[in-house]
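Observations on chain architecture
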Amino acid sequence: MRYLPPIDFYKIRLSFTLIIRKPFYKNRNRTDKQIMRKNSAIRNIAIIAHVDHGKTTLVDTMFAQSGVFREGQAVNERVMDTMDLERERGITIAAKNCSVVWEGVKINIIDTPGHADFGGEVERALGMADGAILLVDASEGPLPQTRFVLKKTFEAGLRVIVVINKIDRKDARTAEVLDEIYDLFIDLGAGDEQVDFPCLYAIGRDGIAQLTPEEKGKDLKPLFEAILKEIPPPEYDPEEPFQMLVSDLGYSDYLGRLAIGKVANGHARFNDSMICIDKNNEIHPLKITKTQVYEGLQLTDAKSAEPGDIIIISGVSDVKIGDTICKKENAKALKRISVDEPTVSMRFTINTSPFAGREGKIVQSRKIRERLYKETLRNVAIQVEEEVENGEVFIVKGRGEFQMAILIETLRREGYEFTVGRPEVIFRYEKGKRMEPAEQLFIDCDETFMGVVTEKLSVRKGRMVNMVQMGSGRVRLEFSIPSRGLIGYRDEFLTDTRGSGIMNWCFSGYEEYRGDFPSRRTGSIVSDRQGSAVAYALFNLEPRGRIFIRPNDPVYEGMIVGEHNRGNDITANPCKEKKLSNMRASGKDDNILLTPVKPMTLEHALHFIREDEMVEVTPQSIRLRKAELSGQRRHHIAAGRKVA
């Protein structure tokens, strides 16, 4: 009997899809009248991935094997993580540029964030790229934020190289992950050339890339060769004058403001007179004082800017991300960078507590306003508005609460002192209906915790849409949940899963409002006076709930010192001392042992507060407080609400 090989229905489905699908990948700049040329000496690539799938580690090994570092040079791990917050948290927050040279070809690399809250950085950076490397973990596979960054790549029309990383993991499942990537490409509407992607297998930590999972790789040569072969070189029109879209901004103490972007057409040299076209098509003259390019991690002077290269121009004073820098003759504005609208807002205001000005150097509303608007120049995903009723209150809008927490932490380390309110989602109204942002949530946890996770998410209006048994006692749950349902849930989730659960989410769009639900089931223990906390008072308050402060910590009226076990707020005196007398009795002089207090983090504080509460942020402290500090006024406000 003759043996017949098994039928691969997956490949049949993929082939059929490629036949019926219209081509998606195309040259966005080309027209019938233009004769485009290619700069074959340059490749511009963006590295995209989910958080912690190994982007920055792979860039480290690309540097090492391309000769960026000399032999024996001491180099830190994750050299692209230049911010202190990036090194502390182990994530990429801001997109950064660098370059390597392979076989005479300059490869400009753009390291992008993997967290969806920093999607504005991804959208900004993709404007400088002609292709992308999609990095996927060999065990975890494509996760929600992989979908987000890949969708943006397809919208930009970029060629994609897939690299399945960490194939040395014991739980690696390369074949299944590859099938999931194909499904993701088809689901996102990839075109013919994009679905027919090259795939490599890598161990980024060891600097190994290979064409098949079975072979034993030695270095990253297959990856570099794939970049030169698969990523198209940048195209330009030789008849067009100089044009550059500003994709990033920098600052130098010696050169002033810097404009960073990819040269679309033409050349630029030192002392050239240019113009800047802003979003209102207004023209601002400027003169180039210096042109620089990336060589490894460093900036080096360049005599001229070549078409397709990523350059840094100094001599610009009034320029913003999305502006076009070009010559006066035949000036044309390039298509501006467009980003998704923000979904979360927070109130920033000055610190009005009795401790204002004790720990921070910058407390004025004018300084806070200047710093927030300065942030909008570099971060295209953040918007700032001033409250009409109160000029000292600023509404900051962004992608998520994590992005807001990073901004607050950055300002805090710069010496600013201020207060912030609870993160609130931004609603829309369409045809008289209230629409709210929704998230696609993925939960990876042990089967024993599936019940409590499902119960908590159902209360927050979450709906389970899929469940997959991962093996070895773990399960992956997929939910559709309002964005407001995730505010404050992360801490509960880690507690419910004993720290073993993994939670990932991605913005899925706006949908009709799902209804109200309680944001917090517990109340607050509020101090009724100013002073220093006393161990005796805190010991007697512990039966009422969880305490946030330690003995001798300063407190003031309206400051939240603990979490009440019940749903209502209570006022207490954390400064009460033990009554002294000259009588001795058994039990009166017992040693006071307090429950250890977990340090209050910024994320925990933002998750904890209610609508009528705020977080006081200083360079040294994070305190919880009521928006209205006076207990008497809070009582009158509550009474007025009951009457209404």
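We now turn to the structure provided with this report. Keep in mind that what you see is a predicted model, and the values were worked out from it rather than measured.

1. With respect to the sheet that holds strand β15 (residues 290–295)
Sheet strands pair by backbone hydrogen bonding; their relative direction is either parallel or antiparallel. Taking strand neighbours across the sheet as the criterion, the 8 strands line up as β14-β13-β19-β10-β11-β18-β15-β16 in an open arrangement whose pairing is antiparallel. The strands lining the two open edges of the sheet, one partner per strand, are β14 (283–287) and β16 (298–301). Averaged over all pairs of adjacent strands, the angle between strand axes in this sheet comes to 40°, irrespective of strand direction. Judged from the 3 bridges that link them, strand β13 (residues 273–277) and strand β19 (residues 324–326) form a sheet pairing that is antiparallel. When the bridges of β19 are listed, Ile277 appears paired with Thr324.

2. Quick look at the pattern of salt bridges
One pass over the full model with this rule turns up 45 salt bridges. Glu409 is the partner of Arg413 in a salt bridge, and the nearest nitrogen-oxygen pair spans 3.0 Å. Residue Arg413 and its partner Glu409 are both found in helix α10 (residues 401–413); the two are separated by 4 residues, about one turn of the helix. Between Arg610 and Asp569 there is a salt bridge, and its shortest N-O distance comes to 3.7 Å.

3. Thoughts on empty space enclosed by the protein
In this approach the atoms are scanned with a rolling probe the size of a water molecule, which exposes any empty space left behind. Inspection of the entire model under this criterion finds 1 cavity of 30 Å³ or more. When its volume is computed, the largest cavity comes out at roughly 240 Å³. Lining the largest cavity are 18 residues; nearest its centre among them are Asp117, Thr343, Arg399, Gly400 and Glu439. It is strand β29 (residues 502–512) that contributes the most residues to the lining of the largest cavity, 3 residues altogether.

Reading the values: rules and limits
- Residues numbered from 1 in each chain as written.
- Predicted model: local features only at pLDDT ≥ 70, side-chain atom pairs only at ≥ 80, totals over all residues.
- Heavy atoms only, no water.
- Pairing = 2+ DSSP bridges.
- Helix = DSSP H or I, 4+ residues; strand = E, 2+ residues; numbered from the N terminus.
- Axes fitted to C-alpha atoms, helices over the stretch in contact; angles between N-to-C directions.
- Salt bridge = Lys/Arg side-chain N within 4 Å of Asp/Glu carboxyl O.
- 1 Å grid on protein atoms, 1.4 Å probe; cavity = no way out; pocket = protein on both sides within 12 Å on 5 of 7 lines; lining within 4 Å.
- Points joined across faces, edges and corners; volume = space filled by probe spheres on them.

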